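Results of the structural survey
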Amino acid sequence: MSTTHSRTRRIRTPIERPEGHADPAALRWMYRHMALARALDERIWQLSRQGLVPFAVTGRGQEAAQVGLAAALRPGLDYVYAYYRDVALVLSLGVTAEEVMLAAFGRRTDPFSAGRQMPNHFSHARWRVVSGSSPVGTQIPQAAGTALGCRMRGEEAVVLVTFGEGAASEGDFHEGLNFAAIHRLPVVFACENNGWAISVPQRLQLAGPGVAARAAAYGMPGHVLDGADPLAVRDAALEAVARARRGDGPTLLELKVVRLDPHTSTDDDRTYRPAAEREALPAADPLPRFRLGLVGALGEAEVDALDDAIAAEVDAAMAAAETAPEPGPEDLLRDVYAS
Ligand SMILES: Cc1ncc(C[n+]2csc(CCOP(=O)(O)OP(=O)(O)O)c2C)c(N)n1
């Protein structure tokens with residue numbers, strides 16, 4: 001399948017195509033963003049426990065699925081509606097560790113919202129990460145609308161929108177998918193299904209076989225994927241993106257992932273998550289598994305060096321964010337109203 005377009009050839013997709021699964025540069029790129037997201041999440045969680053940042057929500061366990069999605073996009077040309085667990089996704093697009101830290105600390109130079117939004121409400125004009133709202137699922141019809149806008153303007157962009165399986169129970173899900181399918185809009189709907197919506201397990205969220213099974217009713221392809229396998233996710237996302245760019249319409253992907261942490265830093269999942277499930281989480285963690293494969297491809301020394309560089313990057317990001325200025329009253333309405 002070819003996804004190269006003459007009009008956009010100057011844009012380099014993070015993972016050059018066509019290429020084999022074992023391409024070391026692609027594996028290294030994936031690991032770097034998975035591990036950087038993990039290290040950032042863990043540091044921000046610690047900072048929340050120390051009272052230095054107000055709140056933390058992590059994507060731990062979902063990183064592999066996210067780098068797989070990002071690998072199929074053209075950063076800066078395609079639009080992305082990321083949700084609050086998508087640290088690895090936005091880092092893979094070009095957002096920096098420092099920018100994520102600035103948002104965690106709520107600083108004026110936080111590019112997502114100048115310190116006015118909750119952490120992980122990603123928004124970045126350069127990388128076309130579109131501002132989202134906290135009500136879950138609202139991004140889904142917005143993504144369909146953006147795709148319609150792209151078509152009306154003659155832009156070749158594809159829109160990726162991510163959300164949890166809990167958000168897929170909102171009416172917004174139906175409206176967004178139905179509209180996008182009818183108008184064959186270039187959208188990739190990606191449900192990162194971690195089995196929980198705060199304390200609500202999947203069995204109390206949906207009675208059918210899963211989220212992707214609904215795709216047939218909308219008249220679009222739906223695929224269930226192992227979200228711990230970034231290469232499988234990338235390949236499915238490439239197919240979905242190619243279909244969207246051809247004008248054949250949207251695709252629904254359901255990526256089975258795990259949520260390694262409580263819902264947020266203000267949640268205690270021991271109150272509702274069975275002990276057996278919590279104990280089984282480390283074995284389902286995609287990161288050590290992927291690291292093992294990378295050591296096989298690159299050697300231990302190179303992967304260790306990569307880990308060291310990531311740790312240093314997180315230290316530097318934290319130091320820069322800690323000393324960055326707070327927003328002031330004059331920032332309150334910045335970018336809120338058109339002048
Ligand atoms: C419309 C709406 N209802 C409830 C909430 C409170 N809330 C925030 S996150 C969340 C869970 C969403 O679960 P899911 O979509 O599965 O994503 P996950 O957090 O598991 O990744 C809920 C209920 C909200 N933000 N918006």
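Thresholds, definitions, all that
Residues numbered from 1 in each chain as written. Predicted model: local features only at pLDDT ≥ 70, side-chain atom pairs only at ≥ 80, totals over all residues. Heavy atoms only, no water. Helix = DSSP H or I, 4+ residues; strand = E, 2+ residues; numbered from the N terminus. Rg over C-alpha atoms; globule rule 2.2 N^0.38 Å. Buried < 20%, exposed > 50% of the residue type's maximum accessible area, 1.4 Å probe, protein only. Contact = heavy atoms within 4.5 Å. Lys, Arg positive; Asp, Glu negative; His and termini not counted. Charge placed at Lys NZ, Arg CZ, Asp CG, Glu CD. Polar contact = N/O pair within 3.5 Å; in protein donor to acceptor, adjacent residues only side chain to side chain. Pairing = 2+ DSSP bridges. Right-handed = clockwise from strand over helix to strand, strands pointing away. Expected span 1.5 Å × (residues − 1). Axes fitted to C-alpha atoms, helices over the stretch in contact; angles between N-to-C directions. Parallel < 35°, antiparallel > 145°, perpendicular 65-115°, else oblique. Nonpolar A, V, L, I, M, F, W, Y, C, P; charged D, E, K, R; others polar. Near = heavy atom within 4 Å. Patch = residues over 30% accessible without salt bridge, like charges linked within 9 Å, V, L, I, M, F, W, Y side chains within 5 Å. Areas by Shrake-Rupley, 256 points an atom, 1.4 Å probe, with all protein chains shown as cover. Salt bridge = Lys/Arg side-chain N within 4 Å of Asp/Glu carboxyl O.

Digging into the overall build of the protein
Scanning the protein for helices and strands turns up 11 helices and seven strands. Taking 2.2 N^0.38 as the reference for a compact globule, 339 residues should give roughly 20 Å; the C-alpha atoms of the protein span a radius of gyration of 19 Å, in line with that estimate. Its C-alpha atoms give the protein principal-axis dimensions of roughly 55 × 50 × 45 Å. A total of 339 residues make up the protein; the buried ones form 56% of that total. Residue pairs in contact within the protein that sit at least 24 positions apart in sequence constitute 76% of those at least 6 positions apart. Placing the 35 positive and 43 negative side-chain charges of the protein at their respective mean positions leaves the two points 5 Å apart.

Quick notes on the side chain of E63
With respect to the helices, strands and loops of the structure, E63 is situated in helix α2 (residues 63–70). Within the local environment of E63, its side chain forms a polar contact with the side chain of R38, the two groups lying 2.6 Å apart. Apart from the residues lying within four places of it in its own chain, the contact partners of E63 are M34, A37, R38, A88 and P286.

A word on the pairing of strand β2 (residues 159–163)
Note on strand geometry: in a regular strand, side chains alternate between the two faces of the sheet. For β2, the tally of buried residues reaches five of five residues, placing the bulk of the element in the interior. Residues of β2 alternate between two faces, with V159, V161 and F163 on one and L160 and T162 on the opposite face, all of them buried. Here three bridges tie strand β1 (residues 79–81) to β2, and the two strands are oriented parallel to one another. Within the sheet, the bridge partner assigned to Y79 lies in β2 and is V159. Direction of pairing for β2 relative to strand β3 (residues 187–193): parallel, over a ladder of five bridges. Following the sheet pairing, T162 is matched in β3 by A190. In this fold, the crossover linking β2 to β3 by way of helix α6 (residues 171–182) has right-handed handedness.

Topic: helix α1 (residues 24–49)
The first and last C-alpha atoms of α1 sit 37 Å apart over 26 residues, in line with the 38 Å expected at 1.5 Å per residue. Trailing α1 by a residue or two, G51 shows a phi angle of about 80°, which is positive.

As for the packing of α1 against helix α8 (residues 230–246)
Look at α1 against α8: their axes get within 11 Å of each other, and the N-to-C directions meet at 105°. Classified by the interaxial angle, the pair formed by α1 and α8 is roughly perpendicular. Within the contact between the two elements, α1 uses A26, L27, M30 and M34 and α8 uses P230, L231 and R234. Here the residues of the contact of α1 with α8 sort into six nonpolar, no polar and one charged.

So, the site of the ligand
Near the ligand, the surroundings consist of 16 residues, among which Y83, Y84, R85, G166 and W196 are the closest. Taking Y84, its side chain carries an N or O atom lying 2.6 Å from an oxygen atom of the ligand. The contact in question runs from an oxygen atom of the ligand to an N or O atom on the backbone of W196, over 2.6 Å. A class-by-class count of the residues in the shell around the ligand yields eight nonpolar, five polar and three charged.

Some remarks on unusual backbone geometry
Positive phi is not limited to glycine here, since A114 has a value of about 55°. The residue A114 is located in the loop between α4 (97–105) and α5 (139–153) in this model. The backbone of N120 sits at a positive phi, close to 65°, despite the residue not being glycine. Tracing the sequence through the fold places N120 in the loop between α4 and α5. On the basis of relative accessibility, which here comes to 9%, the residue N120 falls in the buried class.

A word on a nonpolar patch on the surface
Taken together, the side chains of L332, L333, V336 and Y337 make up a nonpolar region of the molecular surface, amounting to roughly 470 Å² of accessible area. Following the sequence through the fold, Y337 ends up in the segment after α11 (300–322). Accessibility expressed as a relative area gives 63% for Y337, which makes it exposed.

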